[in-house]
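Coordinates in review
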Amino acid sequence: MNTKDLVGVGIGPFNLSIAALCHDNPQLEVAFYDKKPSFCWHPGMLLPNTYLQTSFLKDLVTAVNPQSPFSFLAYLVSKKRFYAFLNQERPAISRHEYNDYLQWVSRQLQTLNFNQRIEKIDFNNDTFEVYLEQNTAPVISKNLCLGTGKRPHIPAAVKAQYHKENCFHAIEMANHKRDFTNKRVTVIGGGQSGAEIFLHLLQGHDGEPQEINWVSRRSNFLPMDETCFTNEWFSPKYIDSFFPLPSQAKTQIVDEQKLASDGISESTLKSIYECLYDKKVAGEQQNYRLRPNRDLTAAYLSNGLVLEAHNKFDNTTEHYHSDIIILATGFENALPEYLEPIKHRLDLNNEQQFHLNRDYSIRWDGPQNNKLYALNAGRYSHGISEPQMSLMCWRSATIVNDLLGREYYDLQDDCSFVEWRNPTPFDATQHKLSA
Ligand SMILES: Cc1cc2nc3c(=O)[nH]c(=O)nc-3n(C[C@H](O)[C@H](O)[C@H](O)COP(=O)(O)OP(=O)(O)OC[C@H]3O[C@@H](n4cnc5c(N)ncnc54)[C@H](O)[C@@H]3O)c2cc1C
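Below: a short report on this structure. This structure is a prediction, so every number in the text was calculated from the model and none was measured.

**Topic: the sheet that holds strand E15 (residues 324-327)**
The strands that make up a sheet are held in pairs by hydrogen bonds between backbone atoms, and each pair lies either parallel or antiparallel. The strand order across the open sheet formed by five strands is E8-E15-E9-E10-E11, and the pairing between neighbours is parallel. Each edge of the open sheet carries a strand with a single partner, namely strand E8 (167-169) and strand E11 (288-291). Pairs of neighbouring strands in the sheet enclose a mean axial angle of 15°, with direction left out of account. Alignment of strand E9 (residues 184-188) against E15, held across four bridges, turns out to be parallel. Note on E15: the bridge partner recorded for Val 187 is Ile 326. Helix-sheet contacts for helix H5 (residues 192-202) involve E9, strand E10 (211-215), E11 and E15, and the interaxial angle to E10 is about 165°.

Laid out in C-alpha cells, this is it:
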C-alpha cells in the first residue's frame, strides 16, 4: 500500500483550502476524507438572507496563488456571473453563494473522499494509520491534518434539557421541522447566529410565533468591529508578533478582542432594527422581547420549558416560558474521539487543548518529521483569526510549505502599519544610571 504525504481528516473549508493548494503538485500525495455524502458548509445554518462576514477575496487560494483555477473570481467567471456580481454592489456575499463556490471547488478535486468517517488514528512504524468506518485496512500517511471543526457549545444551565422538548443548537436549525406558529420561541446568544435566527423568526419565515424572545449575556446587541486597525489582527504580520507571547498574555489579549470576531454584522443589526420599526408603523401587536445582559442560571420543565436568568442590569431574576429553545451559543474545541489511540502521546493542556507549534503542528512525543497539523485549534496560540476564514489560505500555504520543506508559496506580507512588539528591546547595559 502506498504511503501518503498527507491525509486530511474532515473536509470543511479549512482542509478544502489545503486540498486546493496541493492540487496538481506532483511532489505531494494527499487524500482527504469526510463523513458527509458531499461537501456542504454548515448546512443546518444555511438560512435565507445570511451573509459571509469575510471578504470573498479571502477565499480558498487567492491570497497566496491568485492564478489558481479555484479562486472565487474563477468561480464567478465559470458561472457566467462576473458582471452581474459586480453590478449588484452588495457589501457581503450570501452564505448560499459561498457554499456554492466551495461545492464547485470540491467537485473538481480528485483527492477528496466523502461518505468516509474516520474512526480512529494510530501511529506505528513511523507512519500514521487512518482507520475509516467501512475499511479494515488503514490508510497510511506520513502526516495528518485535522480539520474536523468544533462541537456546539451547550451552556451548563440548559444541558439537562438539550435535545428534549425542542431545545436544540442553532447549527441544527435547518434540520428541524419549523412551523413555530403560536409557539413561544427563545433564542439564546447575542452573536451573529443568534441575530440571524431572531431576524429570520421576526420576518415570519417559520410561521407566526406567539412570542420571540432574544436573550444575550452581553451588555447589549453589540456590533462586530470591522474597522481597519482591528482588521490588522487578521494579518500574517500580527501572528508573527502574537505567537511568541507567553500563554497567559495571549489568553488575556484574545478575550479582549472578542467583538472583532464574535460581534454581529452591522447590516444584520440594521435589518433587525428596521424590521422592528416597520412592525411598529404597521401597528402590529408586539410579539418580541429583546433581553441583553442576562445570564442563564437554570432550565426546567413546567408547561413547556422554563428558563431562569439573572438580569445583570438591575440584579433581578427572570423566568421565560418557552415551547422552543434555540441555542445560538457558539462552539468549543473538543478532543476528537478518533485520536484516542495516540492521545497519550500528544501535548495537551489542562483543558485538553493541543499545544501547537508555529507551523500549526501539535507538539507530541513522536518523530518530529511526522506532523499532525490542527486547523481551527489555535485561537489562543496563533490568535483571534484562527477560527475565521480571513487567514485560512495563508495558514494552508504555511502548512504546504512545511510539508514541502521549502518556500513553495511566498508568504511575505510586509504591509502592516502597527508596531505590536517593541522593535528594540531594552538593553540595560546601554543605559547605566549616572551616580
Ligand atoms: C453558521 C456559521 C457561519 C460562519 N460564517 C463565517 C464567516 O462569514 N466568516 C468567517 O471567517 N468564519 C465564519 N464561520 C467560522 C468558520 O469559518 C467556519 O466554522 C468554518 O466552517 C470552519 O471550517 P473547518 O474546516 O474547521 O470545519 P467545519 O466546516 O466544521 O468542517 C468540519 C468537517 O469535518 C467533518 N468531520 C467531523 N468529524 C469527522 C470524522 N470523524 N470523520 C470524517 N469527517 C469528519 C464534518 O463532516 C465536516 O464536514 C462561520 C461559522 C458558522 C457556524
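**A look at the packing of helix H1 (residues 13-22) against helix H11 (residues 392-404)**
Two elements in contact, H1 and H11, have axes whose closest approach is 9 Å; the angle formed by their N-to-C orientations is 55°. One element, H1, and the other, H11, form an angle in the oblique class. The way H1 lies across H11 gives a crossing that is right-handed. For the pair H1 and H11, the contacting residues are Pro 13, Phe 14, Ser 17, Ile 18, Leu 21 and Cys 22 in the first and Met 392, Cys 393, Arg 395, Ser 396, Ala 397, Ile 399 and Val 400 in the second. In the contact of H1 with H11, the residues fall into ten nonpolar, two polar and one charged.

**Quick notes on the pattern of salt bridges**
Tallied over the entire structure, the rule returns 20 salt bridges. Residues Lys 142 and Asp 5 are paired through a salt bridge, measuring 3.1 Å at the closest nitrogen-oxygen approach. Note that Lys 142 is positioned in strand E6 (residues 139-146) and Asp 5 in strand E1 (residues 4-9), a separation of 137 residues in sequence. A residue is classified by how much of its surface remains accessible, and Lys 142, at 38% relative accessible area, is partly exposed. In this structure, Asp 365 engages Arg 345 in a salt bridge whose closest nitrogen and oxygen atoms are separated by 2.6 Å.

**Brief notes about the site of the ligand**
In the vicinity of the ligand, 27 residues are found, and the nearest of them are Asp 34, Trp 41, Gln 53, Thr 54 and Met 389. In the model, an oxygen atom of the ligand is placed 3.5 Å from a nitrogen or oxygen of the Pro 13 main chain. Protein burial of the ligand: of its 990 Å² of free accessible surface, 88% is covered by the chains. For the shell around the ligand, the residue count by class is eleven nonpolar, eleven polar and five charged.

**Here we look at the environment of Thr 50**
With respect to the helices and strands, Thr 50 occurs in the loop between strand E2 (30-33) and helix H2 (72-78). Polar side-chain contacts of Thr 50 include one of 2.8 Å to the backbone oxygen of Leu 47.

Basis of the calculations
Residues numbered from 1 in each chain as written. Predicted model: local features only at pLDDT ≥ 70, side-chain atom pairs only at ≥ 80, totals over all residues. Heavy atoms only, no water. Pairing = 2+ DSSP bridges. Helix = DSSP H or I, 4+ residues; strand = E, 2+ residues; numbered from the N terminus. Axes fitted to C-alpha atoms, helices over the stretch in contact; angles between N-to-C directions. Contact = heavy atoms within 4.5 Å. Parallel < 35°, antiparallel > 145°, perpendicular 65-115°, else oblique. Left-handed = near helix turned anticlockwise from the far one by under 90°. Nonpolar A, V, L, I, M, F, W, Y, C, P; charged D, E, K, R; others polar. Salt bridge = Lys/Arg side-chain N within 4 Å of Asp/Glu carboxyl O. Buried < 20%, exposed > 50% of the residue type's maximum accessible area, 1.4 Å probe, protein only. Near = heavy atom within 4 Å. Polar contact = N/O pair within 3.5 Å; in protein donor to acceptor, adjacent residues only side chain to side chain. Areas by Shrake-Rupley, 256 points an atom, 1.4 Å probe, with all protein chains shown as cover.

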